[in-house]
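Breakdown of the fold
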Amino acid sequence: MDDVVFVGHPAHEDHLKSRYLLFETNFDGDLDTYLRRMATETGEFVEAVWKHCVGFPGVSDVDAFIAYMKKCQLTTTFFFADVNDQTVESTMQALKTQAALARFMEKHQGMDAAELQRAFGEFCQRLAKSPALPRGGDLKNTRQEKASA
Amino acid sequence: MTNINGKAYAMNAVTPMKPWKTPLLRIFFFILGLIKPLQKDLKDLSFIHFARWVVVSRHSLPHLSERQPREELQYDYLLFFSNFNGTWNQYIDAFSAALYHGLDAIWMWSEKYPGARPVTALKQYIGLVQFDTDYYYNVYPHSATNDVKAALRVQEAFTAFARTSQSLSPEEFGKAWLALEGQGIPRSRVDGDCSGGDIVCRTSAARCTDLRFCLRLSKTTGSKSAIPWSCAGI
């Protein structure tokens, strides 16, 4: 964020003396664990982004990184989550199950019950061993939503 | 600029508030947090993954070095972050139509807020105070909120069914299977028209991009003929 917006007279003009990087995240678990994993599992990315910020200590000293992020943290006043009783893992599992079950149902239409039952048992075993769905990422889309909508 | 990732849109808005007004907004949010039914309208919209509001005092922006000049702001600021499905216009239209009281209750404390209705003025205001996202990560970008909710229902039904499925007789399994299908397991995309039963959907399944609306109604035919599909046409 380069500056705050002047919304027009009779409001006053405000200007920031620094630019700010706003980082907004929704995650499972506690903050310390999350920040620790950011530093240890995505350190290269974190360095690339936050190295431009004043006072950033790097990620090699994880405790210093956590302290830095907490010093920069703003307290949320109100948080809404439409689905707030599931984790990322359970949601991804559900999405995988849904897709796999739909494919199974399509493929086994019209099958007699005994055969279907056997096939379903095998399906459950395959599903349990199947890899997790790939996690999404930074699918860049430069579409100007406001202009096109 | 990457406001969009898959089906999700990330909106960020920053609005100024006179400092004497921010305690009033904090009280409103406190009440909203206590009285869960007040959030029902947000849940009923069912296209917002997450939304957060952050009231920032003009003295509370991070100051990390003596070399960093201290801010001298006249206003406190309300930061708003939302992750939702649909377009920007759809999102604001929905709020203006269905949640205008809530919008007004939150943003009436922000300078120059025009009110949620008429929507044109609201969109102009949001366009002014919105900041674009520079980087947006989403763990399931191709799943909308309803996709997630449907998947969770399917998972629950599947888990319950799978637990006993192999201990049933084939006849019992057949009946239980029909009951499972009747819970509306979305089918994956196939070629051909989505039609059957008493409802004919004019949308070709090959073009049907919103699979959660395509419910499968199965009928036992006693033979291995194709079970008709019906599109709910929601």
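Just so you know, these numbers come straight off a predicted model, no measurement behind them. (Residues numbered from 1 in each chain as written. Chains lettered and ligands numbered in written order. Predicted model: local features only at pLDDT ≥ 70, side-chain atom pairs only at ≥ 80, totals over all residues.)

1. A closer look at the overall build of chain A
The number of helices and strands found in chain A is six helices and one strand. Tracing chain A from N to C terminus, the helices and strands come up as α-α-α-β-α-α-α. Computed over its C-alpha atoms, the radius of gyration of chain A comes to 24 Å, more than 25% above the 15 Å expected for a compact globule of 149 residues. When its C-alpha atoms are laid out on the principal axes, chain A stretches across 75 × 45 × 30 Å. Split into buried and exposed, the 149 residues of chain A put 17% on the buried side. (Helix = DSSP H or I, 4+ residues; strand = E, 2+ residues; numbered from the N terminus. Rg over C-alpha atoms; globule rule 2.2 N^0.38 Å. Buried ≥ 20, exposed ≤ 12 C-beta atoms within 10 Å, placed from the backbone.)

2. Some thoughts on helix α3 (residues 62-71) of chain A
All names here are of chain A. Every buried residue belonging to α3 is among Phe65, Ile66, Tyr68 and Met69, and all of these are buried. The arc that holds every buried residue of α3, seen down its axis, measures 160°, which confines them to one face. Those residues of α3 that are exposed and aimed more than 90 degrees away from the buried face are Asp63, Lys70 and Lys71. (Arc of directions from axis to C-beta.)

3. Description of the interface of chain B and chain A
Opposite the 84 residues of chain B that make contact, chain A presents 64 residues. By residue class, the composition of the side of chain B that touches chain A is 48 nonpolar, 25 polar and 11 charged. Examined bridge by bridge, strand β1 (residues 78-81) of chain A and strand β3 (residues 48-56) of chain B share four bridges and lie antiparallel to one another. Residue pairing across strands places Phe80 of chain A opposite Ala51 of chain B, the latter belonging to β3 of chain B. (Contact = placed C-beta atoms within 7 Å. Nonpolar A, V, L, I, M, F, W, Y, C, P; charged D, E, K, R; others polar. Pairing = 2+ DSSP bridges.)

4. What about the domain arrangement of chain A?
Examined at the domain level, chain A breaks down into domain 1 (31-71) and domain 2 (88-129). Placing a centre on the C-alpha atoms of domain 1 of chain A and another on those of domain 2 of chain A gives a separation of 41 Å. (Domains from an automatic or database assignment.)

5. Comments concerning the pairing of strand β2 (residues 8-17) of chain B
Residues and elements named next belong to chain B. Within β2, eight of the 10 residues are buried, leaving the element largely enclosed by the surrounding structure. Direction of pairing for strand β1 (residues 4-5) relative to β2: antiparallel, over a ladder of two bridges. Of the residues in β2, the one forming a bridge with Ile4 is Tyr9. In this structure, the hairpin formed by β1 and β2 is closed by a connection of two residues, where Gly6 is found at a positive phi of approximately 60°.

6. A word on the nonpolar core
With 36 residues, the main nonpolar core has Tyr9, Tyr77, Leu78, Phe80, Ile92, Ile126 and Val129 of chain B as its most contacted residues. Listed by contribution, the elements that provide at least two residues to this core are β2, β3, β4 (76-85), α3 (88-98), α4 (100-107) and α5 (119-129) of chain B. Among residues more than four places away in sequence, those in contact with Val129 of chain B are Val5 and Val7 of chain A together with Ala13, Val14 and Thr15 of chain B. One finds Met92 of chain A together with Ala150, Ala151 and Leu152 of chain B within the second-largest nonpolar core, a separate group that totals 12 residues. (Core = buried A, V, L, I, M, F, W, Y, C linked by C-beta atoms within 7 Å.)

7. Structural notes on the environment of Gly6 of chain B
Tracing the backbone shows Gly6 of chain B in the loop between β1 and β2. Distance from Gly6 of chain B to Asn85 of chain B, taken between C-alpha atoms, is 9.1 Å for residues 79 residues apart in sequence.

8. Describing the pairing of β3 of chain B
Two elements, β3 of chain B and β4 of chain B, share eight bridges in a ladder whose sense is antiparallel. Paired with Ala51 of chain B across the two strands is Ser82 of chain B, which belongs to β4 of chain B.

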